[in-house]
Amino acid sequence: IFNMFDVIVPVYKVKPIFLEKCLKSISYGTQKQRFEGEYTIYIIDKTPVDWEYYGECKEIINSYAEMNYIRQKGEGVSNARNEACEFGNNPYICFIDGDDYWYDEHLYEISEVINASNKDIVLWWSAMDMIMKSAYYDNNYNQFTINYIPTFKDWHGELHYYYLTRYPVCTSTVCVERNRFEEVGGFLEDYAIGEDIEMWCRMVGNPK
């Protein structure tokens, strides 16, 4: 069984090299995604037209004619995701930021795990690679240690809140059930950071 997805791609001043890699990785026009089901891509863009790379980025986007392009009306990434989601109607929503990219099997693996899930599951994510560099030379972040939690299954009841906040799930790997996403009202648009973690917690039933 192949599931149907809407893929949401917020873009704001993403340099061409990253944008092109992102769009190529999710493209169905070039069969980059090894997935035989249906999915619709929505690129929502707030990049100022006077930005130095705007023209080059727009050319890259235009080269993927099968993708839907939207100029964002509101402000911020949460608004961008919420606004773009309103254009779709597929039962599952996947997110990917314009400077990230998917592995070729991403949608296939997400679809497989959805098929194996029970009806109470509303949130899925895949493996990711991430490189973080600090802007500070005297970086205390690397000295910060936390207790290791092997898997999500090791937490029960309300404790999933602490898993999601201490081991955050990267938005660009996440797929959500549309009905539940709409039920909780999507992303909170007044959050400057942590808007994704906050919504995952609401989606799994913890209002903290």
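**A word on the overall build of the protein chain**
Looking only at helices and strands, the protein chain has seven helices and six strands in total. What you see in the protein chain, going N to C, is helices and strands ordered as β-α-β-α-β-α-β-α-β-α-β-α-α. A burial count over the protein chain gives 45% of its 208 residues as buried. Across the protein chain, the fraction of contacts at a sequence separation of at least 24, relative to all contacts at a separation of at least 6, is 76%. Total accessible area on the protein chain is roughly 12,500 Å²; 51% of this is exposed by carbon and sulfur atoms.

**Points about the sheet that holds strand β6 (residues 174–177)**
Pairing is mixed in the open sheet, where six strands are placed in the order β3-β2-β1-β4-β6-β5. The sheet is open, and its two borders are formed by β3 (68–71) and β5 (123–125), each paired with just one other strand. The sheet shows a mean angle of 25° between the axes of neighbouring strands, taken without regard to direction. Here strand β1 (residues 5–11) pairs with strand β2 (residues 39–45) via seven bridges, running parallel. Bridging from a neighbouring strand, Asp6 pairs with Thr40 of β2.

**Quick notes on the nonpolar core**
The biggest cluster of nonpolar side chains holds 29 residues, and the ones touching the most others in it are Phe5, Val7, Val9, Leu23 and Ile26. Secondary structure elements with two or more residues in this core: β1, α1 (16–26), β2, α2 (54–62), β4 (92–95) and α4 (106–115). If we skip the residues at most four places from it in the chain, Val7 touches Ile26, Tyr39, Thr40, Ile41, Tyr42, Cys94, Ile96 and Trp102. One finds Tyr42, Ile44, Ala80 and Val176 within the second-largest nonpolar core, a separate group that totals 20 residues.

Scoring rules and cut-offs
- Per chain, residue numbering runs from 1 following the sequence as it is written.
- Side-chain atom pairs in this predicted model are given and counted only at pLDDT of 80 or more, local residue features only at pLDDT of at least 70, and totals for whole chains, interfaces and linings cover all residues.
- As a rule here, side-chain values come from all non-hydrogen atoms in the structure, and water together with hydrogens is ignored.
- For helices the rule is a DSSP run of H or I covering at least 4 residues; for strands it is a run of E covering at least 2, with both sets numbered from the N terminus onward.
- Only protein chains enter the accessibility calculation, which uses a 1.4 Å probe. A residue is then buried if its area is under 20% of the maximum for its type, exposed if over 50%, and partly exposed in between.
- A contact between two residues is defined here by any heavy atoms of the two lying within 4.5 Å.
- Only the protein chains shown count as cover for residues, and all accessible areas are computed by the Shrake-Rupley method using a 1.4 Å probe.
- Paired strands are those between which DSSP finds at least two bridges.
- Axis definition: a line fit to C-alpha positions, over the contact stretch in the case of helices; interaxial angles, taken between N-to-C directions, run 0 to 180 degrees.
- In this text, buried Ala, Val, Leu, Ile, Met, Phe, Trp, Tyr and Cys residues form a nonpolar core when linked through side-chain atoms within 4.5 Å.

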